[in-house]
Amino acid sequence: FKMWYMGGYTQHLCLATSTDGIHWTRPELDVVKGTNIVLRRGAPESNSLLMDLNEPNPAKRFKYVYFQPGGDPAWAMTYRHSPDGVHWSEPQWRSGQCGDRTSVFFNPFRKKYVFLIRATANRSGRAKRYWETSDLNDAASVKWPGEGAATSLAPLWVRSALGGDFTRPEISDMPQLYQLDAMAYESVVVGLFAIHRGRFALSSDGRPV
């Protein structure tokens, strides 16, 4: 078993291995000598690491797509590939603009890589927009239209219930769809939703208002 994880908050991409899925070791690798780091400064909050068994080029068997603020465009996903999940290429492309909590999965039923784009949808606030490509190595295919994470013109896919979700009185914002991760499992695609419940509004003495 192999597990890639964030080593230090928004710091390094690291690799741990296990023979039983219970007891894990941190191998000493050659990327940063004496550590299990595989990509320095390569683990932001939003990322997707895929082992692509359909990739014909063995040098691109592992794919890593991660949210990276700054650069051009200012907020977007960056893509790297690797033959072994340890030694990563230089960045290959920057996607169209998006917000944090954007993720990618492979849909084997459609043979498509799917971007679950965190954006904004009018009155519902945070929402997910949908974009897909047949070839994750094709930089042009991930340039969805629109400027800015909030105004992406990728198709709106799923959002909050526009007032149908319960809003706690001590929280200032209505519930919003913040994150959706998905993966294929047997004959279906399963998803994990994260709901943004808003921010606590506190009075000067620290009580919710």
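Okay, so let's go over this structure. Everything numeric here is computed off the predicted structure, so don't read it as measured data. (Residues numbered from 1 in each chain as written. Predicted model: local features only at pLDDT ≥ 70, side-chain atom pairs only at ≥ 80, totals over all residues. Heavy atoms only, no water.)

## Structural notes on the side chain of Lys-128
Relative to the helices and strands, Lys-128 is located in strand β11 (residues 126-133). Notably, Lys-128 is buried but unbridged: the nearest opposite-charge side chain belongs to Asp-181, and the N-O separation is 6.1 Å. Engagement of the side chain of Lys-128 in a polar contact is seen with the backbone oxygen of Arg-101, the distance being 2.5 Å. Here the side chain of Lys-128 touches Leu-116 through a polar contact of 3.2 Å, landing on its backbone oxygen. If we ignore the near neighbours within four places in the chain, the residues touching Lys-128 are Arg-101, Thr-102, Leu-116, Ile-117, Arg-118, Leu-156, Trp-157, Val-158, Leu-177, Tyr-178, Gln-179 and Leu-180. (Helix = DSSP H or I, 4+ residues; strand = E, 2+ residues; numbered from the N terminus. Buried < 20%, exposed > 50% of the residue type's maximum accessible area, 1.4 Å probe, protein only. Lys, Arg positive; Asp, Glu negative; His and termini not counted. Salt bridge = Lys/Arg side-chain N within 4 Å of Asp/Glu carboxyl O. Polar contact = N/O pair within 3.5 Å; in protein donor to acceptor, adjacent residues only side chain to side chain. Contact = heavy atoms within 4.5 Å.)

## Considerations on the side chain of Thr-102
If you trace the backbone, Thr-102 turns up in the loop between β8 (93-97) and β9 (103-107). Reaching out from Thr-102, the side chain makes a polar contact with the backbone nitrogen of Arg-118 at a distance of 3.1 Å. Setting aside its immediate chain neighbours within four residues, Thr-102 contacts Ser-46, Met-77, Leu-116, Ile-117, Arg-118 and Lys-128.

## A closer look at the sheet that holds β11
Note on sheets: strands pair through backbone hydrogen bonds, and any given pair is parallel or antiparallel. If you walk across this open sheet you meet the four strands as β9-β10-β11-β12, and the pairing is antiparallel. Each of the sheet's edge strands pairs with one partner strand only, and the pair in question is β9 and β12 (156-158). Strand-to-strand, the axes of this sheet are offset by a mean angle of 40 degrees, without reference to chain direction. Note: β9 against strand β10 (residues 112-120), five bridges, orientation antiparallel. Across the sheet, the residue bridging to Ser-103 is Leu-116, located in β10. (Pairing = 2+ DSSP bridges. Axes fitted to C-alpha atoms, helices over the stretch in contact; angles between N-to-C directions.)

## Quick notes on the sheet that holds strand β5 (residues 47-51)
Spatially, four strands are ordered β5-β6-β7-β8 in an open sheet, and the strand pairing comes out antiparallel. Among the strands making up the open sheet, the edge pair consists of β5 and β8. On average, each strand axis in the sheet is tilted by 20 degrees relative to the strand beside it, whichever way the strands run. As paired strands, strand β6 (residues 62-69) and strand β7 (residues 75-82) are joined by eight bridges and run antiparallel to one another. When the sheet's bridge partners are listed, Phe-67 is paired in β7 with Met-77.

## Quick look at the pattern of salt bridges
Inspection of the entire model under this criterion finds five salt bridges. Close ionic contact of Arg-118 with Asp-100 constitutes a salt bridge, the shortest N to O distance being 2.9 Å. Of this pair, Arg-118 sits in strand β10 while Asp-100 sits in the loop between β8 and β9, placing them 18 residues apart in sequence. A single burial state applies to Arg-118 and to Asp-100, both of which are buried. In this structure, a network of salt bridges that share partners links the residues Asp-52, Glu-55 and Lys-63.

## Structural notes on the packing of aromatic side chains
Applying the stated criterion across every chain, the model contains nine aromatic pairs. Where Phe-67 meets Trp-75, the ring centres are 5.5 Å apart and the plane angle is 85 degrees; that geometry is what we call edge-to-face. Look at Phe-67 and you get buried, because its relative accessible area is 8%. Judged by relative accessible area, Trp-75 falls into the partly exposed class, the value being 40%. One aromatic cluster is present, built from ring pairs that chain together Tyr-79, Trp-93, Phe-115, Trp-131 and Trp-144. (Phe/Tyr/Trp six-rings, centres within 6.5 Å; stacked < 30°, edge-to-face > 60°.)

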